[in-house]
Each structure stands twice: as C-alpha cells, then as structure tokens.
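# Structural features, examined
Spelled out from the first residue to the last, the chains are:
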Amino acid sequence: MKEFSTRESDILENIIRHRRDVRGNRFLNRPIPEKELQKILSAALHAPSVGYSQPWEFVLIESEVTKSRIRQLFDAENTKGSQVFKEERKSLYHQLKLEGITEAPINLAVFYRPSEGPVLGQTSMPEVGRYSVVCAIQNMWLMARSLNIGMGWVSIIDAEQVKKVLHAPVDHELIGYLCIGYVDFFHEEPELKIKQWNTNRTLQEVLHFERFESE
C-alpha cells in the first residue's frame with residue numbers, strides 16, 4: 001500500500017489552494033507538449049466513479065474553425081446572461097473576461113455517457129454518475145496546475161448546441177467545456193474574489209455538526 005509523506009501532503013494542499021479558473025486574457029500561444037497533455041487526460045481516468053462506471057468521454061479540440069463556432073455559442077449566451085444582473089453587478093459582468101475558447105491552444109469537451117443498464121450505487125441517486133464526471137474534471141484541473149498549465153471552465157454556453165457542433169451522441173450530456181494552455185501568470189487569489197464579485201465563505205460558515213440547526 002502506497003503511503004505519502006507530510007511533504008507530499010503539503011504539496012497537494014498547495015496545488016489545491018493555487019488552482020485557478022483561467023480566463024482568455026491569460027493564455028499564451030504556446031503548445032502543450034504531448035507528455036504533459038497525456039498526464040492531464042490520464043488524471044481524469046483515475047477519478048472516482050460510482051460503481052466503477054467510468055461514465056466519461058472527451059472531445060479534444062484544436063481546430064480554430066471549431067473553436068470559433070463554439071465561441072459564437074458563448075457570445076450568444078453571454079449576451080443573454082448579462083441581462084440577468086442589475087446595476088453594479090451588470091457593469092462588472094461586462095468587464096469580466098469569462099472564457100478563453102479561441103485563445104487557449106486546447107479545448108476539451110467533457111461528456112457524461114449514461115450506462116445502458118443499472119449502475120451499482122446509482123439506483124437511488126442517478127445524478128451521481130454526472131458527479132463522477134465532475135471528479136474527473138477536478139483531477140485534470142489539479143494535474144494541469146501542478147504542471148503550471150492553466151484551465152478554465154466555460155459554463156456560459158448552450159450545451160445542446162455544443163453537442164451539435166461536435167456531433168455528440170444524443171444520449172451524451174455535456175458536463176464541462178474546458179480551455180487548457182500555458183498562461184502568463186496565475187493570480188494569487190481567485191480572480192472573482194480580487195474583483196469583488198463575491199467573498200470567501202469560511203469553514204465556520206459552512207460546517208454543521210450532527211445536523212442543521214432549526215431556525
């Protein structure tokens with residue numbers, strides 16, 4: 001059985017603390033070596049999955065034509081999204097760079113592929129299959145950061161339209177659209193925290209003991 005040292009644990013903690021969601025104004029026009037890309041993708045395969053179902057599939061995108069089509073989908077949704085916020089929030093929204101689709105050398109679409117039959121551990125909570133795919137994304141994010149490679153998750157996008165662009169099977173569900181590449185620098189703090197979009201929630205605010213307290 002593999003055991004880890006305190007030093008290794010501290011390194012992992014440091015990687016977790018310095019993981020960042022990278023925007024398009026940070027990506028460099030620098031290719032990712034095949035060895036590093038394989039490390040990132042392989043990290044996904046070691047994610048936990050309910051019933052060892054491994055329900056993930058990936059589409060690796062390098063074509064500028066495909067990126068441009070996806071970027072158009074983002075632009076349409078971003079315009080609609082900006083209308084949801086009011087006053088100061090809306091003004092800040094327009095200042096934020098929320099994707100890096102055309103700037104990042106690699107785009108990666110991550111899909112949930114449902115099983116054809118019942119899945120162990122998923123019979124009561126079918127949504128946990130999707131959570132397994134999210135775990136795979138987090139694995140890739142941490143591995144990328146450990147290699148000093150940035151990753152951004154684009155969620156302002158029409159998933160069904162992305163499926164059409166990528167010719168995804170009807171039953172596949174888009175979970176994440178990722179932008180991956182080297183960056184000019186990583187922020188010391190999350191960018192949305194720096195720009196005061198929101199503040200940190202402390203452990204004391206989110207941790208309950210035994211049960212939620214009644215109001």
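The notes below deal with the structure included here.

Each value, and the rule that gives it
- Residues numbered from 1 in each chain as written.
- Predicted model: local features only at pLDDT ≥ 70, side-chain atom pairs only at ≥ 80, totals over all residues.
- Heavy atoms only, no water.
- Helix = DSSP H or I, 4+ residues; strand = E, 2+ residues; numbered from the N terminus.
- Contact = heavy atoms within 4.5 Å.
- Phe/Tyr/Trp six-rings, centres within 6.5 Å; stacked < 30°, edge-to-face > 60°.
- Buried < 20%, exposed > 50% of the residue type's maximum accessible area, 1.4 Å probe, protein only.
- Lys NZ or Arg CZ within 6 Å of the ring centre and 35° of its normal.
- Pairing = 2+ DSSP bridges.
- Axes fitted to C-alpha atoms, helices over the stretch in contact; angles between N-to-C directions.
- 1 Å grid on protein atoms, 1.4 Å probe; cavity = no way out; pocket = protein on both sides within 12 Å on 5 of 7 lines; lining within 4 Å.
- Points joined across faces, edges and corners; volume = space filled by probe spheres on them.
- Nonpolar A, V, L, I, M, F, W, Y, C, P; charged D, E, K, R; others polar.
- Expected span 1.5 Å × (residues − 1).
- Arc of directions from axis to C-beta.

Another point: the environment of Phe186. Tracing the chain through its elements places Phe186 in the loop between strand 4 (173-181) and helix 7 (191-194). Beyond its immediate stretch of four places on either side in the chain, Phe186 contacts Arg20, Val22, Arg145, Asn148, Ile149 and Gly150.

Take the packing of aromatic side chains next. For the structure shown, the criterion picks out one aromatic pair. Where Trp141 meets Trp153, the ring centres are 6.1 Å apart and the plane angle is 50 degrees; that geometry is what we call tilted. Remark: Trp153 occurs in strand 3 (residues 150-154) and Trp141 occurs in helix 5 (residues 128-146); sequence separation between them is 12 residues. On the basis of relative accessibility, which here comes to 9%, the residue Trp141 falls in the buried class. For Arg19, the ring lying beneath its charged end belongs to Trp141, and the centroid distance is 4.4 Å.

Ordered by their spatial adjacency, four strands build an open sheet running 1-2-4-3, and the pairing between neighbours is antiparallel. Either end of the sheet is taken by a strand with one partner, and the two such strands are strand 1 (56-61) and strand 3. Averaged over all pairs of adjacent strands, the angle between strand axes in this sheet comes to 25 degrees, irrespective of strand direction. Note that strand 2 (residues 106-112) and strand 4 share seven bridges and pair antiparallel. Looking at the pairing, Tyr112 lines up with Glu173 of strand 4.

Right, let's get into the side chain of Arg23. Secondary-structure assignment places Arg23 in the loop between helix 1 (6-17) and helix 2 (34-45). Aside from chain neighbours lying at most four places away, what touches Arg23 is Lys97, Leu98, Glu99, Glu191 and Leu192.

With that settled, consider the layout of surface pockets. Left-over empty space is what a probe sized like a water molecule reveals as it rolls over the atoms. Put simply, the largest pocket is a space of about 430 Å³. In terms of lining, the largest pocket is formed by 16 residues, of which the most central are Asp21, Arg23, Leu98, Trp153 and Leu192. Elements supplying a minimum of two residues to the lining of the largest pocket: strand 3 and helix 7. Residue composition of the lining of the largest pocket, by class: 10 nonpolar, one polar and five charged. When its volume is computed, the second largest pocket comes out at roughly 220 Å³.

Looking at where Glu213 falls in the secondary structure, it is placed in the segment after helix 8 (203-206). A relative accessible area of 62% means that Glu213 is categorised as exposed. Once the C-alpha coordinates of Glu213 and Gln38 are considered, the two residues, 175 residues apart in sequence, prove to be 46 Å apart.

This paragraph deals with helix 2. In this model helix 2 runs 17 Å from its N-terminal to its C-terminal C-alpha over 12 residues, within 8% of the 16 Å that 1.5 Å per residue would give. The set of residues buried in helix 2 consists of Leu37, Ile40, Leu41, Ala43 and Ala44. Down the axis of helix 2, the sector holding all buried residues measures 150 degrees, keeping them to one side. Among the exposed residues of helix 2, those oriented more than 90 degrees off its buried face are Glu34, Lys35 and Leu45. Contacts from the buried residues of helix 2 go to strand 1, strand 2, helix 5, strand 3 and strand 4.

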